[in-house]
Amino acid sequence: KPDDEEKVQKFQRLVIRLMSLLYGTALETLSGDDFEIIDAEGLDMESQRFVAEMGCETREVKCEVIMQWIQRSIVDNIGNGVLPIAPPILSRVFQ
């Protein structure tokens, strides 16, 4: 269905951007340098502001928050049919 395909693409784009943000933040934590991310499309303004306002000393916490956003996005999309995967297989994502 075209509607389902659009939901799947929206989910994929969001997860890609969140992973980019997660890896960029993790590398910043390790090196102290700034790393570029893909972009923040798909993140609401409040989330973007929250990440931007976290200082250098909270990068590890920022990684945890971003990981929670990724997991929440996965759980949200299980419920709406975007991820029609059997629970035993899908549970591996959280391990």
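A. Region of interest: the packing of helix H2 (residues 45-53) against helix H3 (residues 59-79). Where H2 meets H3, the axes come as close as 10 Å, and the angle between the chain directions of the two elements is 160°. Here H2 is positioned roughly antiparallel relative to H3, judged by the angle of their axes. As for how H2 packs across H3, the hand of that crossing is left-handed. On the side of H2, the interface is formed by Ser-47, Phe-50 and Val-51, while H3 contributes Lys-62, Val-65 and Trp-69. Residues of the contact of H2 with H3, tallied by class, amount to four nonpolar, one polar and one charged.

B. A look at the environment of Gly-32. Its location among the elements puts Gly-32 in the loop between helix H1 (2-31) and H2. The sequence separation of Gly-32 and Arg-59 amounts to 27 residues, and the corresponding C-alpha distance is 9.8 Å. Ignoring any residue separated from it by four or fewer positions in sequence, one finds Gly-32 in contact with Leu-27 and Arg-59.

C. Fine view of the packing of aromatic side chains. Here the structure, examined in full by the defined rule, presents one aromatic pair. Aromatic pair Phe-50 and Trp-69: ring centres 6.3 Å apart, planes at 55°, arrangement tilted. Residue Phe-50 is located in helix H2, and its partner Trp-69 is located in helix H3; the two are separated by 19 residues in the primary sequence. Taking the relative accessible area as the measure of exposure, Phe-50 reaches 40% and is therefore partly exposed. In this structure Trp-69 comes out as buried when scored by relative accessible area, which is 12%.

D. Up close: a nonpolar patch on the surface. On the surface, Val-75, Ile-78, Val-93 and Phe-94 cluster together to form a nonpolar patch covering roughly 300 Å² of accessible area. Looking at the secondary structure, you find Ile-78 in helix H3. Since its relative accessible area comes to 34%, Ile-78 is described here as partly exposed.

E. Here's a closer look at the nonpolar core. Within the largest apolar cluster, 16 residues are counted, with the highest numbers of intra-cluster contacts made by Phe-11, Leu-21, Ile-66, Trp-69, Ile-70 and Ile-74. Put simply, the parts of the chain that give this core at least two residues each are H1 and H3. Top contributing element to this core by residue count: H3, with six residues. Ignoring any residue separated from it by four or fewer positions in sequence, one finds Ile-74 in contact with Phe-11, Leu-83, Leu-90, Val-93 and Phe-94.

Definitions and limits used
- Residues numbered from 1 in each chain as written.
- Predicted model: local features only at pLDDT ≥ 70, side-chain atom pairs only at ≥ 80, totals over all residues.
- Heavy atoms only, no water.
- Axes fitted to C-alpha atoms, helices over the stretch in contact; angles between N-to-C directions.
- Helix = DSSP H or I, 4+ residues; strand = E, 2+ residues; numbered from the N terminus.
- Parallel < 35°, antiparallel > 145°, perpendicular 65-115°, else oblique.
- Left-handed = near helix turned anticlockwise from the far one by under 90°.
- Contact = heavy atoms within 4.5 Å.
- Nonpolar A, V, L, I, M, F, W, Y, C, P; charged D, E, K, R; others polar.
- Phe/Tyr/Trp six-rings, centres within 6.5 Å; stacked < 30°, edge-to-face > 60°.
- Buried < 20%, exposed > 50% of the residue type's maximum accessible area, 1.4 Å probe, protein only.
- Patch = residues over 30% accessible without salt bridge, like charges linked within 9 Å, V, L, I, M, F, W, Y side chains within 5 Å.
- Areas by Shrake-Rupley, 256 points an atom, 1.4 Å probe, with all protein chains shown as cover.
- Salt bridge = Lys/Arg side-chain N within 4 Å of Asp/Glu carboxyl O.
- Core = buried A, V, L, I, M, F, W, Y, C linked by side-chain atoms within 4.5 Å.

Without other data, these values stay purely geometric and don't point to any function.
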